[in-house]
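For reference, the chains in residue letters:
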Amino acid sequence: MNLELLFQLLVNGLIVGALYGVVAMSFVLIYKASRIVNFAQGEFLLIGAWTCWWLLTSWQLPFWIGFPITLAFMLVFGVLLQVVVLRPMIGEPIISVIMVTIGLSIVFQALMKWIFGVFAKPFPRIFESQTMSVLGLEVQTVYVASLVISLLIMAGFGWFFKYSKMGLAMRATAFDQQVAQSLGISVRQVFAMSWAISAMVSAVAGVTVGVVNGVSSALSFFGIKVFPAVILGGLDSIVGAVIGGLIVGLLENVAHFVDSQWLNWGNMYEVAPFYVLIIILMIKPYGLFGTKDIERV
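Residues numbered from 1 in each chain as written. Predicted model: local features only at pLDDT ≥ 70, side-chain atom pairs only at ≥ 80, totals over all residues. Heavy atoms only, no water.

Caption draft 1: The overall build of the chain, seen in detail. Helix and strand content of the chain: 11 helices and 2 strands. Helices and strands in the chain line up, N terminus first, as α-α-α-α-β-β-α-α-α-α-α-α-α. In summary, the chain has a C-alpha radius of gyration of 19 Å against a globular reference of 19 Å for 297 residues, a match within 12%. Along the three orthogonal principal directions, the C-alpha set of the chain runs to about 60 × 50 × 35 Å. Going through the 297 residues of the chain one by one, you find that 48% of them count as buried. Considering only intrachain contacts with a sequence separation of at least 6, the fraction spanning at least 24 residues in the chain is 72%. Surface exposure of the chain reaches about 15000 Å², of which carbon and sulfur atoms provide 69%. On the chain, the mean spot of the 14 positive side-chain charges and the mean spot of the 12 negative ones are 11 Å from each other. (Helix = DSSP H or I, 4+ residues; strand = E, 2+ residues; numbered from the N terminus. Rg over C-alpha atoms; globule rule 2.2 N^0.38 Å. Buried < 20%, exposed > 50% of the residue type's maximum accessible area, 1.4 Å probe, protein only. Contact = heavy atoms within 4.5 Å. Areas by Shrake-Rupley, 256 points an atom, 1.4 Å probe, with all protein chains shown as cover. Lys, Arg positive; Asp, Glu negative; His and termini not counted. Charge placed at Lys NZ, Arg CZ, Asp CG, Glu CD.)

See below:
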């Protein structure tokens, strides 16, 4: 058994898992506010990554300017998407709204291919040193930076929902939309802000993965990989999303280690989280931290 490789993969799993947790929180944020599962979440990563890449390559902006502009663009993009496309769907059956998000996913995917092409394109060099030593292991600098950013985002979410006026309004809306509206909370504003924050946070993950692997349409698959983390932690639990992301990140890398050392099946890295997801949902249908919805007939 190669213990050094196992330790390396566990560290990588925690770092990538934190990134999964951030994207999973974006899933949960939209679901808690509007009860909509956004199947275009992966495309938010893709659009954010391509926007940042375009600013850095076509406009020759430094990363420390291009990245904040990307986040601001995604914030506005999320608001406009909710107002123009999804707000008219308020009151329609949930399945109709979900089908709209699937349609948006297909449209955004095709649009990005039409504008930027189908081949992966590398990001300009951002850090002087591509790797750094962590606990004696060589880890990509962008992953370490993403871990720090992920932790800051998680702490920011915690503060936002506990102390800010909009965060408290979102919690009230998630609990009961009619009660929140009777208290003077603008539910439409909450919906728009939840989509805006979700798009902006997803762009952080998109840029991070794009810096490591290059930007291509494959980035949108990241949203599907995060979905097991969302269901695993509980579809309406922010804490569950973080823990689910960490679990999925570790599972992927442990499965990769087991497969490379003994099984040699070649695909355990991709499918292991889904196997565990099925097993856990058979035991806890609402996920590890999801709210049980008991209906009496």
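Caption draft 2: Layout of the pairing of strand 1 (residues 131-134). Sheet topology note: the strand 1/strand 2 (residues 137-140) ladder contains 4 bridges and is antiparallel. For S133, the partnering residue across the bridge sits in strand 2 and is E138. The loop that links strand 1 with its antiparallel partner strand 2 comprises 2 residues; one of these, L135, has a positive phi angle of about 55°. (Pairing = 2+ DSSP bridges.)

Caption draft 3: Structural detail: the side chain of S105. Here S105 lies in helix 4 (residues 94-116). Note on S105: relative accessible area 14%, which makes it buried.

Caption draft 4: The packing of helix 2 (residues 41-57) against helix 8 (residues 187-213), seen in detail. Here helix 2 crosses helix 8 at 60°, and the two axes come no closer than 7 Å. The element helix 2 and its partner helix 8 pack so that their crossing is right-handed. Contact with helix 2, carried on its side by Q41, F44, L45, G48, A49 and C52, involves W195, S198, A199, S202, A203, A205, G206 and V207 of helix 8 and no other residues of that element. (Axes fitted to C-alpha atoms, helices over the stretch in contact; angles between N-to-C directions. Left-handed = near helix turned anticlockwise from the far one by under 90°.)

Caption draft 5: Highlighting a nonpolar patch on the surface. Together, F39, I95, M99, I102 and I106 give the surface a local cluster of nonpolar side chains, amounting to about 460 Å² of exposed area. Of note, I106 is situated in helix 4. (Patch = residues over 30% accessible without salt bridge, like charges linked within 9 Å, V, L, I, M, F, W, Y side chains within 5 Å. Salt bridge = Lys/Arg side-chain N within 4 Å of Asp/Glu carboxyl O.)

Caption draft 6: Broad picture of the environment of G21. Structurally, G21 is set in helix 1 (residues 3-34). Put simply, G21 and V226 are 205 residues apart on the chain and 7.9 Å apart in space, counted from C-alpha to C-alpha. G21 has contacts with A241, V242 and G245, leaving out every residue within four places of it along the chain.

Caption draft 7: Representation of the pattern of salt bridges. A full pass over the atoms with the stated rule returns 1 salt bridge. Between K225 and E252 there is a salt bridge, with its nearest N and O atoms 3.6 Å apart. Taken together, the positions of K225 in helix 9 (residues 221-233) and E252 in helix 10 (residues 238-263) put the pair 27 residues apart, joining distant regions of the chain. A relative accessible area of 2% places E252 in the buried class.

Caption draft 8: Main features of helix 4. Between its first and last C-alpha atoms helix 4 spans 33 Å; for 23 residues at 1.5 Å apiece the expected length is 33 Å, and the two agree. For helix 4, the complete set of buried residues consists of V97, I98, T101, L104, S105, F108, Q109, M112 and F116. Lining the buried residues of helix 4 we find helix 2, helix 3 (63-86) and helix 8. Just downstream of helix 4, G117 is the residue with a positive phi angle, here 90°. (Expected span 1.5 Å × (residues − 1).)

Caption draft 9: Representation of helix 9. Most of helix 9 sits out of view: 10 of its 13 residues are buried. Next to the buried residues of helix 9 lie helix 1, helix 2, helix 8, helix 10 and helix 11 (268-283).

Caption draft 10: Local environment of the environment of M89. By the element assignment, M89 lies in the loop between helix 3 and helix 4. A sequence separation of 66 residues divides M89 from A155, and the C-alpha atoms of the two residues are 32 Å apart. Filtering out sequence-adjacent residues up to four positions away, M89 remains in contact with S96, V97 and V100.

Caption draft 11: Broad picture of the packing of helix 3 against helix 8. Two elements in contact, helix 3 and helix 8, have axes separated by 8 Å at closest approach and are oriented at 145°. Along this stretch, helix 3 crosses helix 8, giving a crossing that reads as right-handed. Contact with helix 3, carried on its side by F63, F67, L71, M74, L75, G78, V79, L81, Q82 and L86, involves R188, F191, A192, W195, A196, I197, A199, M200, A203, V204 and V207 of helix 8 and no other residues of that element. Across the contact of helix 3 with helix 8, the residue classes break down as 18 nonpolar, 2 polar and 1 charged. (Nonpolar A, V, L, I, M, F, W, Y, C, P; charged D, E, K, R; others polar.)

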